[in-house]
Amino acid sequence: KQEVTQIPAALSVPEGENLVLNCSFTDSAIYNLQWFRQDPGKGLTSLLLIQSSQREQTSGRLNASLDKSSGRSTLYIAASQPGDSATYLCAVLYFGNEKLTFGTGTRLTIIP
Amino acid sequence: DAGITQSPRYKITETGRQVTLMCHQTWSHSYMFWYRQDLGHGLRLIYYSAAADITDKGEVPDGYVVSRSKTENFPLTLESATRSQTSVYFCASSVAGVLYNEQFFGPGTRLTVL
């Protein structure tokens, strides 16, 4: 079964630290992987989209990597800020699908 | 304002009633999607549409009906609401399919079925 897993479900980090969020997928045959941010009571905001041919994407303090052979992606957040507190979800587009498969997210809390 | 909007934002209804959730986007994106988000399940695709008058089932379509007569609108109807349809519903859109394009999400509708 094609699944996406995000562990841990929740993470607390002191302000200013660098951190890594993890995303695992069960099949290396993917088209792309997308990271989203969701604030409480809000919709999802797209952060980064990595195509299968790419190894990483960067946007500001965010860097997402993709390792298809190991079925892993990481979202690196540099110099964390309280405003980074949110739930982060990753979603994978597997070969043969027309829909994204979402993980259940990691709820990140940055402690001032 | 440009973007994707959903209405209502909150809805309480009773079992057996028909409910329609509205979604409107101003970008003229070809693709539109309906998801539901439940604790422990993440987001699951209900229906999607590649263009006006073209719709396809997603992962959990049972009990839902969609239509798309205009590019900018994609209403979702619960024909006879059940308690299991209590959820947060998100509409999304993208320029084209998910192959190379990001999805942009609306703010969601929280639906409670009593």
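Our structure's up above, just so we're on the same page.
Quick look at the structure, then. Sequence order as written defines residue numbering, which begins from 1 separately in each chain. Chains carry letters from A onward and ligands carry numbers from 1 onward, assigned in written order. Totals for whole chains, interfaces and linings use every residue, but because this is a predicted model, local features are given only for residues with pLDDT of at least 70 and side-chain atom pairs only at 80 or more, for both listing and counting. As a rule here, side-chain values come from all non-hydrogen atoms in the structure, and water together with hydrogens is ignored.

## Quick word on the sheet that holds strand β6 (residues 56-59) of chain A
For sheets, the rule is that strands pair by backbone hydrogen bonds, running either parallel or antiparallel. All names here are of chain A. Selection criterion: Strands are treated as partners if at least two bridges between them are detected by DSSP. Helix and strand assignments follow DSSP, with helices taken as H or I runs no shorter than four residues and strands as E runs no shorter than two, numbered in order from the N terminus.
Reading across the sheet, the 5 strands line up as β1-β3-β8-β7-β6 and stay open at both edges, with antiparallel pairing between neighbours. Whereas interior strands pair on both sides, the edge strands pair on one side only; in this sheet they are β1 (4-5) and β6. Where strand β7 (residues 62-67) and strand β8 (residues 72-77) come together, 6 bridges link them in antiparallel fashion. Along β8, the bridge assignment pairs Leu-66 with Ser-73.

## Section: the nonpolar core
The condition that has to hold: Nine residue types can take part in a nonpolar core, namely buried Ala, Val, Leu, Ile, Met, Phe, Trp, Tyr and Cys, and a core is a set of them joined through side-chain atoms within 4.5 Å. Partly exposed residues are those whose accessible area sits between 20% and 50% of the maximum for their type, while under 20% is buried and over 50% is exposed, using a 1.4 Å probe and protein chains only.
One finds Leu-33, Trp-35, Leu-75, Ile-77 and Tyr-88 of chain A to be the most contacted residues of the largest nonpolar core, which totals 24 residues. Put simply, the parts of the chain that give this core at least two residues each are β3 (19-25), β4 (30-38), β5 (44-51), β7, β8, β9 (86-94) and β11 (106-111) of chain A. In terms of residue count, the dominant contributor to this core is β9 of chain A (5 residues). Judged by nonpolar contacts, the second largest core, of 18 residues, contains Met-32, Tyr-64, Cys-91 and Leu-111 of chain B.

## Focus: the sheet that holds strand β7 (residues 64-66) of chain B
Residue and element names in this part refer to chain B. Our working rule: Working convention: axes come from line fits to C-alpha atoms, limited for helices to the stretch in contact. Angles between N-to-C directions cover 0 to 180 degrees.
Taking strand neighbours across the sheet as the criterion, the 4 strands line up as β1-β3-β8-β7 in an open arrangement whose pairing is antiparallel. In the strand order of this sheet, the two ends are held by β1 (4-7) and β7, each with one partner. Strand-to-strand, the axes of this sheet are offset by a mean angle of 20°, without reference to chain direction. Inspection of the sheet shows β7 paired to strand β8 (residues 76-78) by 3 bridges, in the antiparallel sense. Counterpart to Val-65 in the pairing with β8 is Thr-77.

## Quick notes on unusual backbone geometry
At the junction of Ile-7 of chain A and Pro-8 of chain A, the peptide bond is cis and its omega measures out at 5° in the coordinates. Tracing the backbone shows Pro-8 of chain A in the loop between β1 and β2 (10-14). In this model, Ala-79 of chain A sits at a positive phi of 45°, which is unusual for a non-glycine residue. The topology assignment puts Ala-79 of chain A in the loop between β8 and β9. Backbone geometry at Asp-53 of chain B places phi at a positive 70°, although glycine is not the residue there. You can see Asp-53 of chain B is positioned in the loop between β5 (42-51) and β6 (54-57).

## Remarks on the environment of Asn-18 of chain A
Residues and elements named next belong to chain A. Filter applied, for reference: N or O atoms closer than or at 3.5 Å make up a polar contact, with two conditions inside protein: a donor-capable atom paired with an acceptor-capable one, and, for residues adjacent in sequence, both atoms drawn from side chains.
Locating Asn-18 in the fold gives a position in the loop between β2 and β3. With relative accessibility at 44%, the residue Asn-18 sits in the partly exposed group. Between the C-alpha atoms of Asn-18 and Gly-41, which are 23 residues apart in sequence, the distance is 26 Å. One polar contact links Asn-18 to Tyr-76, side chain to side chain, over a distance of 3.3 Å. Within the structure, the side chain of Asn-18 is placed 2.8 Å from the backbone nitrogen of Ala-79, a separation counted as a polar contact.

## Quick word on the pattern of salt bridges
Stated formally: By convention in these notes, a salt bridge is any Lys or Arg side-chain nitrogen within 4 Å of a carboxyl oxygen on Asp or Glu.
In total, this model carries 6 salt bridges over all chains according to the counting rule given. Between Glu-59 of chain B and Lys-99 of chain A there is a salt bridge, and its shortest N-O distance comes to 3.8 Å. With Glu-59 of chain B in the loop between β6 and β7 and Lys-99 of chain A in the loop between β9 and β10 (101-102), this residue pair bridges two chains. Judged by its relative accessible area of 44%, Glu-59 of chain B falls in the partly exposed class. Note that Arg-17 of chain B is salt-bridged to Glu-14 of chain B, the shortest N-O span being 3.4 Å.

## A few points about the state of the cysteines
All names here are of chain B. Put simply, the test is: When two cysteine sulfur atoms lie within 2.5 Å, the pair is treated as a disulfide.
This model, assessed by the stated rule, comprises 2 disulfides over all chains. Cys-23 shares a disulfide with Cys-91; S-S distance 1.9 Å. Between Cys-23 and Cys-91, the disulfide has an S-S torsion of -75° and is therefore left-handed. Within this pair, whereas Cys-23 is found in strand β3 (residues 19-25), its partner Cys-91 is found in strand β9 (residues 87-94), the two being separated by 68 residues in sequence. Across this residue pair, the class does not change: Cys-23 and Cys-91 are buried.

## Re the interface of chain A and chain B
Definition in use: Contacts between residues were defined by any pair of non-hydrogen atoms, one from each residue, lying within 4.5 Å. Throughout, the accessible surface (probe 1.4 Å) given up by two parts as they are put together, summed over both, is called the buried area. Here the term charged refers only to Asp, Glu, Lys and Arg, the term nonpolar to Ala, Val, Leu, Ile, Met, Phe, Trp, Tyr, Cys and Pro, and the term polar to all other amino acids, Gly among them.
Listed as interface residues are 20 residues of chain A and, on the opposing side, 20 residues of chain B. Summed over both partners, the interface of chain A with chain B buries about 1600 Å², with 60% contributed by carbon and sulfur atoms. Summed over the shared surface of chain A and chain B, the result is 1 salt bridge. Here chain A is connected to chain B by 3 residue pairs in polar contact (both at pLDDT 80 or more). Mapped by element, the contributors of at least two residues to the side of chain A that touches chain B are β4, β5 and β9 of chain A. The dominant element in the side of chain A that touches chain B, judged by the number of residues it contributes, is β4 of chain A, at 5 residues. For the side of chain A that touches chain B, the class distribution of residues is 8 nonpolar, 9 polar and 3 charged.

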